[in-house]
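Here are the chains, one letter per residue:
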Amino acid sequence: MLNEFWATASATYKTLVFGAMGLIAVGIILTIIGNTSHNQSLAVTSLFVIGLGLVLHVVARVVRGQQVRKSLKK
């Protein structure tokens, strides 16, 4: 099972990971736009978007860890 990590992952885990990556990417883009246009509020907002993406990534790791533990008990 460990050799096929992505192949055995659930749709929930994959959705959470892609959502987290998307939020982090949007946050980075907002940071660049906010800093190049000297828009401080946009730059600060982008930090919250990146933070939300990181939290979502941690949630995905927890979900995957629970799935792996359940499958190892069987």
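What you see is a predicted model; the values in this text were computed from it and never measured. (Residues numbered from 1 in each chain as written. Predicted model: local features only at pLDDT ≥ 70, side-chain atom pairs only at ≥ 80, totals over all residues. Heavy atoms only, no water.)

**Q** I'd like a description of the packing of helix α1 (residues 11-36) against helix α2 (residues 40-73), backed by residues and values.
**A** The contact between α1 and α2 brings their axes to 8 Å, and the two run at 165°. As the angle between them shows, α1 and α2 are arranged roughly antiparallel. At the point where α1 passes α2, the crossing takes the left-handed sense. Of the residues in the contact of α1 with α2, the class split is 20 nonpolar, 10 polar and 2 charged. (Axes fitted to C-alpha atoms, helices over the stretch in contact; angles between N-to-C directions. Helix = DSSP H or I, 4+ residues; strand = E, 2+ residues; numbered from the N terminus. Parallel < 35°, antiparallel > 145°, perpendicular 65-115°, else oblique. Left-handed = near helix turned anticlockwise from the far one by under 90°. Nonpolar A, V, L, I, M, F, W, Y, C, P; charged D, E, K, R; others polar.)

**Q** Which residues make up unusual backbone geometry, and what are the values?
**A** Even without being glycine, His 38 reaches a positive phi, approximately 55°. Note that His 38 resides in the loop between α1 and α2.

**Q** Let's hear about α1: which residues, and what values?
**A** A rise of 1.5 Å per residue sets the reference length of α1, with its 26 residues, at 38 Å; its end C-alpha atoms lie 37 Å apart and thus fit the reference within 8%. Considered for burial, the residues of α1 that qualify are Tyr 13, Leu 16, Val 17, Ala 20, Gly 27 and Gly 34. Looking at the buried residues of α1, the elements they touch are α2. Looking one or two residues past α1, His 38 carries a phi angle of roughly 55°, positive in sign. (Expected span 1.5 Å × (residues − 1). Buried < 20%, exposed > 50% of the residue type's maximum accessible area, 1.4 Å probe, protein only. Contact = heavy atoms within 4.5 Å.)

**Q** Run through the nonpolar core, naming residues and quoting values.
**A** Side chains of a nonpolar character, in soluble globular proteins, are inclined to be buried together. Ala 9, Tyr 13, Leu 16, Val 17, Ala 60 and Val 63 form the largest nonpolar core, which has 6 residues in total. When residues of this core are traced back to their parent elements, those giving at least two are α1 and α2. At 3 residues, α1 tops the list of elements feeding residues into this core. Setting aside residues up to four positions removed in sequence, Val 63 forms contacts with Thr 12 and Leu 16. (Core = buried A, V, L, I, M, F, W, Y, C linked by side-chain atoms within 4.5 Å.)

It is worth stressing that arrangement in space is one thing and function is another; only the former is reported here.
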